[in-house]
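Next come the chains, spelled out residue by residue.
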Amino acid sequence: MTASSRVKLKPGDTIGILGGGQLGRMLAMAAARLGLKCQVFSPEPDAPAFDVVLNGVCAEYADVERLEMFAADVDVVTYEFENVPAATAMVLAAHKPVLPAYKILETTQDRLIEKDFVAGLGIGTADYADVSSPETLRAAIKRIGLPAVIKTRRFGYDGKGQAIIREGDDFDRIWSELGTKSAILEAFVPFEREISVVAARSADGDVECYDVTENEHRDHILKISRAPADIPEALADQARAIAEKIAVALDYVGVLAVEMFVVANGKGPQVLVNEIAPRVHNSGHWTLDGASISQFEQHIRAIAGWPLGKPLRHGRVTMTNLIGDDILDYERWLTVPGATVHLYGKGAPRPGRKMGHVTQVTPDRPKKG
Ligand code: AMP
């Protein structure tokens, strides 16, 4: 079988999930509700997703023998993180369909390739330049101006592998501290707000986008998501159309999230794409309690070859991440009227570690009259 062959799972079939974090855990829980089994593959012995599946494989991503045994036991493979090593995906794809297809990760694992791809679709991004040395950094700063943001092309997340460069900074020092030879420089976007669109695409090519979500970060980590975003309907339509265009152009099967900036421009607000996450996304966690079908279920449906659902939002939704020591407050959250608490079963809280989240839904008042 090849990765491109059509998958049509039946209840009772098994999905293999690469990665055992909270996203893998919530995917496995959604699969269970649909009568599907999951196996999780993770090198972390205490991966939170192991707690919710019967079979967890604790091995390195380079362990070909264990990968082959894992592939033999499942009907389709998916993943909960984007930095899946190419060799791992190739071993798995030789045995079972891998969805979304690995070639998509080659686009999204590299910020330069990703930006070129998005810009090539005619979608707006921050002005950017390829940077590979102190000299090319200077040239890029000259063209793009300051302030600007330098980001490693690969393996950046939650603000890691990036720095803001301002007038008067020591460019050589910033470059050497970044510790890479491949980076991009982006113009600093003076955004009004950050939004994201979580979209699902089925194997048949149907696309369903959730309502646009507004995201608040603290220390580069998502803290609060609100749905729907407080933006004009036309802008929300534009954001959803962008996510759909990206999903179609990637021939994507599964759930993806597109992170965007809303910027003011003379003719009114406009959206610029910041990043594509080829997986379920933290800014879509509100859909677990705030919509009739969660992003996790949509992803499972898509990779199972099943029809997507048409998710209805239950009201105005706020999702608050419990990060690090926030988790110590879980008993208080348990008593907040209307709050739904999700704890990921992780060990010790560390600064920046996502330990759980809380959803609060305020039903929309029925329209009078
Ligand atoms: P990223 O790792 O690209 O998702 O960036 C993490 C966060 O840094 C974003 O959510 C923004 O808050 C901020 N950021 C990233 N790129 C830019 C930019 N070009 N201009 C302004 N803020 C940015």
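Residues numbered from 1 in each chain as written. Predicted model: local features only at pLDDT ≥ 70, side-chain atom pairs only at ≥ 80, totals over all residues. Heavy atoms only, no water.

Draft legend 1. Spotlight on the sheet that holds strand β7 (residues 162-165). Here we have four strands laid out as an open sheet, ordered β5-β8-β6-β7, and antiparallel in their pairing. This sheet does not close on itself; its edge strands, each paired only once, are β5 (128-131) and β7. The sheet shows a mean angle of 25° between the axes of neighbouring strands, direction not considered. Sitting on the sheet, helix α6 (residues 134-144) touches β5, β6 (148-152), β7 and β8 (183-187), and the angle it makes with β5 is about 170°. (Pairing = 2+ DSSP bridges. Helix = DSSP H or I, 4+ residues; strand = E, 2+ residues; numbered from the N terminus. Axes fitted to C-alpha atoms, helices over the stretch in contact; angles between N-to-C directions. Contact = heavy atoms within 4.5 Å.)

Draft legend 2. A look at the side chain of R240. Structurally, R240 can be placed in helix α8 (residues 233-249). For R240, a relative accessible area of 18% corresponds to the buried category. Side-chain polar atoms of R240 contact the side chain of E233, separated by 3.3 Å. With residues up to four places along the chain from it excluded, the contact list for R240 reads V197, C209, Y210, D211, V212 and E233. (Buried < 20%, exposed > 50% of the residue type's maximum accessible area, 1.4 Å probe, protein only. Polar contact = N/O pair within 3.5 Å; in protein donor to acceptor, adjacent residues only side chain to side chain.)

Draft legend 3. Local environment of a nonpolar patch on the surface. On the surface, Y330, L334 and L343 cluster together into a nonpolar patch covering about 260 Å² of accessible area. Here Y330 shows up in helix α11 (residues 330-334). (Patch = residues over 30% accessible without salt bridge, like charges linked within 9 Å, V, L, I, M, F, W, Y side chains within 5 Å. Areas by Shrake-Rupley, 256 points an atom, 1.4 Å probe, with all protein chains shown as cover. Salt bridge = Lys/Arg side-chain N within 4 Å of Asp/Glu carboxyl O.)

Draft legend 4. Up close: unusual backbone geometry. With an omega of 0°, the peptide bond between L146 and P147 qualifies as cis. The topology assignment puts P147 in the loop between α6 and β6. For the bond from A227 to P228, the omega torsion is 0°, close enough to zero to count as cis. Looking at the element boundaries, P228 is found in the loop between β12 (221-227) and α8. Positive phi values are uncommon outside glycine, yet D219 reaches one of about 50°. Mapped onto the elements, D219 comes out in the loop between β11 (213-218) and β12. Residue class for D219 comes out exposed when judged on its relative accessible area of 72%. A positive phi is found at D251, a non-glycine position, where the angle reads about 50°. Here D251 lies in the loop between α8 and β13 (254-263). Among the residues examined, D251 registers a relative accessible area of 47% and is labelled partly exposed.

Draft legend 5. Fine view of the site of the ligand. As a matter of local geometry, the ligand sits amid 16 residues, with K151, Q162, V189, E194 and E275 nearest to it. At 2.9 Å, a side-chain N or O of Q162 approaches an oxygen atom of the ligand. Here an oxygen atom of the ligand and a side-chain polar atom of N274 are 3.2 Å apart. Calculation on the ligand without its partners gives an accessible area of 480 Å², and the protein chains cover 92% of this total. For the shell around the ligand, the secondary structure elements donating two or more residues are β6, β8, β13 and β14 (270-277). Here the shell around the ligand spans two domains, since at least three of its residues come from each of domain 2 (127-187) and domain 3 (193-362). (Near = heavy atom within 4 Å. Domains from an automatic or database assignment.)

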